[in-house]
Amino acid sequence: MERLLHHLRNLGFTEMEAKVMVELSRQNAASGYEVAKRLGASRSNVYAALQRLAGQGYLRTSAGEPVRYSMLPPGELTRMIEGQMQESLRAVEKEMPRIEPTKPTFYNAEGDRKVLESLTRELERAEHEIVLDLWREEAELLRTELEKAESRGVRLLWSCDNGESMMGPWLPLRSGTDGQEPAGRKFSFVIDRRWCMLGMRGENCPTQALITEHPVMTGLLLNHFAQDLILYELEHDMGRELSTRYGWRYEGIIGKYMSAGE
């Protein structure tokens, strides 16, 4: 009895409706007065439950006075409930308001203060990994924040303009063919593979940076970093052996894509 009442309540019936349904299922038909007497419940509460159930089609009613109520056969009742629930579930799936997923945005930061503030905030939030591709000047500006991140167990992957930085492993960037430093120094950061910054800074150009969490941009920067890493490791490990082993073809490929076009 209690188990059946529990399942009827799970289907959305009230406690009184569930008891009325079980009681009517035990007999062919009964008046509201008879049901209330057998349940030992208030007649007004029982009549209200009977009217709701009859209005929803779960009960049959007889003509005449007093009105007598009877339950649908169990199979017909469950098919009716199942149909109503399926209809409601389809309606919920179709009509429930949907919030558009948040789209990653691109925004710009200009000036040393804004760029460094944005970068410092993210460095403090870093949990797993920071990938840096920058010049020594910018590396030294962020020395304290990077050391703090490393002390928290965050992995730092570096690419610096030369080996003079005191802050860890580095990969030398290729210099221009004329040996002159460009007007601005490019830098990029990828933090926890979700947030990235790509910018330029220098004495003769304004500090500017593009900031986004768009996966396409983070993926591009990580791929660029990995390619530089692989090329550097190959050249560092094999040196002249690259040309010896692969011949002019290797130098031709590298020159085609890495030269200044002269």
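Residues numbered from 1 in each chain as written. Predicted model: local features only at pLDDT ≥ 70, side-chain atom pairs only at ≥ 80, totals over all residues. Heavy atoms only, no water.

K.L.:
What should I look at first to understand the sheet that holds strand β1 (residues 30-31) in this one?
P.N.:
Sheet architecture is open: three strands sit in the order β1-β3-β2, paired in antiparallel fashion. Each having just a single partner strand, β1 and β2 (59-61) make up the two edges of the open sheet. Strands β1, β2 and β3 (68-71) of the sheet are contacted by helix α2 (residues 15-25), whose axis makes an angle of about 90° with β3. (Pairing = 2+ DSSP bridges. Helix = DSSP H or I, 4+ residues; strand = E, 2+ residues; numbered from the N terminus. Contact = heavy atoms within 4.5 Å. Axes fitted to C-alpha atoms, helices over the stretch in contact; angles between N-to-C directions.)

K.L.:
Help me understand the nonpolar core in this model?
P.N.:
General note: in soluble globular proteins, nonpolar side chains tend to be found buried as a group. Ranked by internal contacts, the top residues of the largest apolar core, which has 23 residues, are I130, L132, L134, L146, W158, F189 and M197. Those elements that provide at least two residues to this core are α6 (112-125), β5 (129-133), α8 (143-151), β7 (185-191), β8 (195-202) and β9 (205-212). Among all residues touching L132, those that are not within four sequence positions of it are L146, L156, L157, W158, S159, S188, F189 and F225. Counting 22 residues, the second-largest nonpolar core is a separate cluster that includes F13, A30, L59 and I81. (Core = buried A, V, L, I, M, F, W, Y, C linked by side-chain atoms within 4.5 Å. Buried < 20%, exposed > 50% of the residue type's maximum accessible area, 1.4 Å probe, protein only.)

K.L.:
Explain the side chain of D192 to me, please; I cannot follow it from the model alone.
P.N.:
Relative to the helices and strands, D192 resides in the loop between β7 and β8. A distance of 2.7 Å separates a polar atom in the side chain of D192 from the backbone nitrogen of H128. For D192, the contacting residues outside a window of four places in its chain are R125, A126, E127, H128 and E129. (Polar contact = N/O pair within 3.5 Å; in protein donor to acceptor, adjacent residues only side chain to side chain.)

K.L.:
What should I look at first to understand the pairing of β3 in this one?
P.N.:
Two faces, one strand: in a regular strand the side chains alternate between the faces of the sheet. Across two bridges, the pairing between β1 and β3 is antiparallel. Bridging from a neighbouring strand, A30 pairs with Y69 of β3. Note: β2 against β3, three bridges, orientation antiparallel. The residue bridging L59 from the neighbouring strand is M71, located in β3. Here β2 hands over to β3 after six residues, with G64 in that stretch at a positive phi of 105°.

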